[in-house]
Amino acid sequence: MANPTGRTGLKLVVLGLFVGALGACGTSSTSNDAAGGGGGGGGGGNAPAAPGVENGMVVSGITVAPDAKPKSGGQLVYGLEGDTDGFDPTVSRWVAPGLIMANTVFDPLAAYAADGSVKPYLPEKIDPSGDFKTWTIQLRPGISFSNGEPLNADAIVLFLTKLKTSPLTSPVLDLIDPGNPATKVDDLTVRVNMTAPWAQFPVVLTGQGGMVPAPEQLNNPDASYRADNPIGTGPFKLKSRQKETSTVVQRNPSYWRKDQAGTPLPYLEQVEFKFYSDNNVRDSALEDGTLNMEFNSFGSSAKKLTSAAEEGKLQLVRDTGAQEQIFLVFNMEKPPLDDVRIRKAMAYATDREAYVKLGEDDPSWISYNVFSPQSPWYVKSDFPGYDPGRAKELVDEYVNEKGPVPPFTIKTTDTPLNQGVGQALVEMYKKVGLPAAAESVSIATLPTQMVFGQYDVGYVRLFGAPDPDGDYYWFHSKNAARLGEGRLGLNLAKLRDPQVDAALDKARATRDQNVRKEAYTAFQTRLNELLPYLWLTVGVKFIAADNKVRGITNGPLPDGTPSMPIVSGVTRLTQTWLA
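Bear in mind the structure is a predicted one, so any value in this text is a computation, not a measurement.

Once that is clear, we can look at the side chain of Thr233. Secondary-structure assignment places Thr233 in the loop between α4 (223-228) and β12 (236-242). Within the local environment of Thr233, its side chain forms a polar contact with the side chain of Asp107, the two groups lying 3.3 Å apart. In this structure, Thr233 is in contact with Val105, Phe106, Asp107, Leu122, Ile143, Ser144, Phe145, Leu151, Asn252, Tyr255 and Trp256, ignoring residues within four places of it in sequence.

For the rest of this paragraph, the subject is the packing of aromatic side chains. Each aromatic ring pair is described using two quantities: the centre-to-centre distance and the angle formed by the ring planes. In this structure the tally under the stated criterion is 23 aromatic pairs. An angle of 50° between the planes, with centres 5.8 Å apart, marks the rings of Trp135 and Phe201 as tilted. Taken together, the residues span a long stretch of sequence, with Trp135 in strand β9 (residues 134-139) and Phe201 in the loop between β11 (189-193) and α3 (215-218) at a distance of 66 residues. A single burial state applies to Trp135 and to Phe201, both of which are buried. For the pair Phe475 and Tyr533, a centre-to-centre distance of 5.9 Å together with 85° between the ring planes defines the contact as edge-to-face. With Phe475 in helix α12 (residues 472-475) and Tyr533 in strand β21 (residues 533-539), this residue pair connects regions lying 58 residues apart in the sequence. Tyr533 carries the same exposure label as Phe475, and that label is buried. The rings of Phe327, Phe371, Trp377, Phe463, Tyr473, Trp474, Phe475, Tyr520, Phe523, Tyr533 and Trp535 are connected pair by pair, giving a single aromatic cluster. We note Arg508 situated over the ring of Tyr472; from NZ or CZ to the ring centre the distance is 3.6 Å.

The next thing to look at is helix α10 (residues 416-430). In a regular helix each residue adds 1.5 Å, so 15 residues correspond to 21 Å; α10 covers 21 Å between its end C-alpha atoms and thus fits that length. Within the sequence span of α10, burial applies to Asn418, Val421, Gly422, Leu425, Val426, Met428 and Tyr429. Looking down the long axis of α10, one finds its buried residues gathered within 160° of arc, a one-sided arrangement.

Contact pair helix α13 (residues 498-508) / helix α14 (residues 513-530): the axes reach a minimum separation of 8 Å and the direction vectors enclose 160°. The angle between α13 and α14 falls in the class roughly antiparallel. The chirality of how α13 crosses α14 is left-handed. Residue-level contacts link Gln499, Val500, Ala503, Leu504, Lys506 and Ala507 of α13 to Val515, Arg516, Glu518, Ala519, Tyr520, Phe523, Arg526, Leu527 and Leu530 of α14.

Looking at the chain as a whole, the pLDDT averages 88, with 89% of positions reaching at least 70. pLDDT under 50 marks residues 5-60. Its contacts with residues more than four places away, or in other chains, come to 251 contacts.

Closest axis-to-axis distance for the helix α5 (residues 279-287)/helix α6 (residues 299-310) pair is 10 Å, and the angle between their directions is 20°. Taken together, the axis directions place α5 and α6 in an arrangement best described as roughly parallel. Relative to α6, α5 is oriented so that their crossing is right-handed. Residue-level contacts link Asn279, Asn280, Asp283, Leu286 and Glu287 of α5 to Ser300, Ser301, Lys304 and Leu305 of α6. Per-class residue counts for the contact of α5 with α6 are 2 nonpolar, 4 polar and 3 charged.

Rolled over the atoms, a probe as big as a water molecule pinpoints where empty space is left. Approximately 390 Å³ is the volume found for the second largest pocket. If you trace the second largest pocket, you find 18 residues lining it, with Gly116, Ser117, Val118, Gln200 and Arg511 closest to the centre. Contributing elements (two or more residues each) for the lining of the second largest pocket: β7 (118-120), β8 (123-128) and α14. Element by element, the count of residues in the lining of the second largest pocket is highest for β7, at 3 residues. Each residue belonging to the lining of the second largest pocket can be placed in one class, and the counts come to 8 nonpolar, 4 polar and 6 charged.

Further remarks concern the side chain of Ser563. With respect to the secondary-structure elements, Ser563 resides in the loop between β23 (549-550) and β24 (577-578). What makes Ser563 buried here is its relative accessible area of 1%. At 2.6 Å, the side chain of Ser563 and the backbone oxygen of Gly555 are in polar contact. A polar side-chain atom of Ser563 sits 3.0 Å from a polar atom in the side chain of Arg572.

Rules and cut-offs
- Residues numbered from 1 in each chain as written.
- Predicted model: local features only at pLDDT ≥ 70, side-chain atom pairs only at ≥ 80, totals over all residues.
- Heavy atoms only, no water.
- Helix = DSSP H or I, 4+ residues; strand = E, 2+ residues; numbered from the N terminus.
- Polar contact = N/O pair within 3.5 Å; in protein donor to acceptor, adjacent residues only side chain to side chain.
- Contact = heavy atoms within 4.5 Å.
- Phe/Tyr/Trp six-rings, centres within 6.5 Å; stacked < 30°, edge-to-face > 60°.
- Buried < 20%, exposed > 50% of the residue type's maximum accessible area, 1.4 Å probe, protein only.
- Lys NZ or Arg CZ within 6 Å of the ring centre and 35° of its normal.
- Expected span 1.5 Å × (residues − 1).
- Arc of directions from axis to C-beta.
- Axes fitted to C-alpha atoms, helices over the stretch in contact; angles between N-to-C directions.
- Parallel < 35°, antiparallel > 145°, perpendicular 65-115°, else oblique.
- Left-handed = near helix turned anticlockwise from the far one by under 90°.
- pLDDT = per-residue confidence, 0-100.
- Nonpolar A, V, L, I, M, F, W, Y, C, P; charged D, E, K, R; others polar.
- 1 Å grid on protein atoms, 1.4 Å probe; cavity = no way out; pocket = protein on both sides within 12 Å on 5 of 7 lines; lining within 4 Å.
- Points joined across faces, edges and corners; volume = space filled by probe spheres on them.

Rendered as structure tokens:
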């Protein structure tokens, strides 16, 4: 189903810090599926090759045959579903489009390898103390920001301090010591200080929390300047920006990286990002040559573009790793959603097969869990399937005990598709005696209402961090702000459960994968007992490109390790080129 909370999803209100951009999911599969698939290697000719080979990795995809050597130069035009609110990672709210653009002007402190491990990117080392309460970042020498300022310990300390003091990003960095977030050891070494063990800390550095701006940008007192003038160490630097229309970045001539053959990166001379909220318009722009690449997450587009790729007209790369979830979230502080019987009745009353037809989604995308089946943390667990008879029994049980079910409202954004989803769900629930109504609000309004608890049931797209620690803050009780408290409540469901907290904290404090697996198994089981969420489908993301594009997915990391090809739909364009 297309983005439930609008063109950029609920993560617009908080950090894309972990966007579905984090991981522990290993390499992609080698099969072609209805949503398209993973990799675009080098290439000449138009014959589709499946599976594709991308940066030495076999991935699921429909791509052209590989060429031997990349070429430098040329402009790539990339279509995105929406613009970002800015390029200041300490206050801007990045989802996939924002992260795709941010990765051109900034480099991350860490990135995901193909095996799901987190590796240093800008630094040479990111090492913990034995108790995981202190982490040391050892920077590479000789790296500069695009304005000539050096990447040094002072820049990292400034950045981490700004992140920790920002109301937006501070909750995500909750274990960093607020009184002493980071300490300069020497010119290239920083010590990050925790208040409790955080064994998975590098996860936060793979996304927005690791995109380091130059001090010139961060220290400017003008917030609009900081938002619109990114200065990073990335392969490109900002050339021009017309908000909601286009953003152009050009090659950074002082970029520090070279490819494995010694060729300076990036290959491309320029990238222009264009914004199309309508996926059909974006698809057409790719097909008529206006675009070279596009990001997409719509089932209808998946079918259309897969067909074109199978005919050799274009390439299609699917993110087959951990996926975001599309679901209903219940405000557990509001009647009747505070009663598990009503939440369970709604789960039994939901006809997912009818739901996926609304967005022309593939039925294989139907979900019954917080983790997608591709995640190594996934375990099969019981979740109520479609059984309206059982739903009616639970509603009757509630009525016999408490009286009539209080009316409640399902909130969606005001796109025609999402309005249709809201009405379809209402009809399903009314059939079992649930007095549901639907309300649609703007994408600017819904996220704010939800983080302050001003909703009954919300239709959202969220979670999907390849490493589950990246989604910790959505579930832990400490982020479940009470109604009227006046602070952001990233735990949208108001879920307060000692068993959930214990599982999350246990997994966060260790690197022992067996212990973590055990903890996340308990976490999944408990969520599906309490039912704060009603899972609908996974949010599949994919990238389409014309047959001139090579290096569609992430190239090798600085140490030569293969990257995770795509992370929640996000790729770096550092090693993308045009044949």
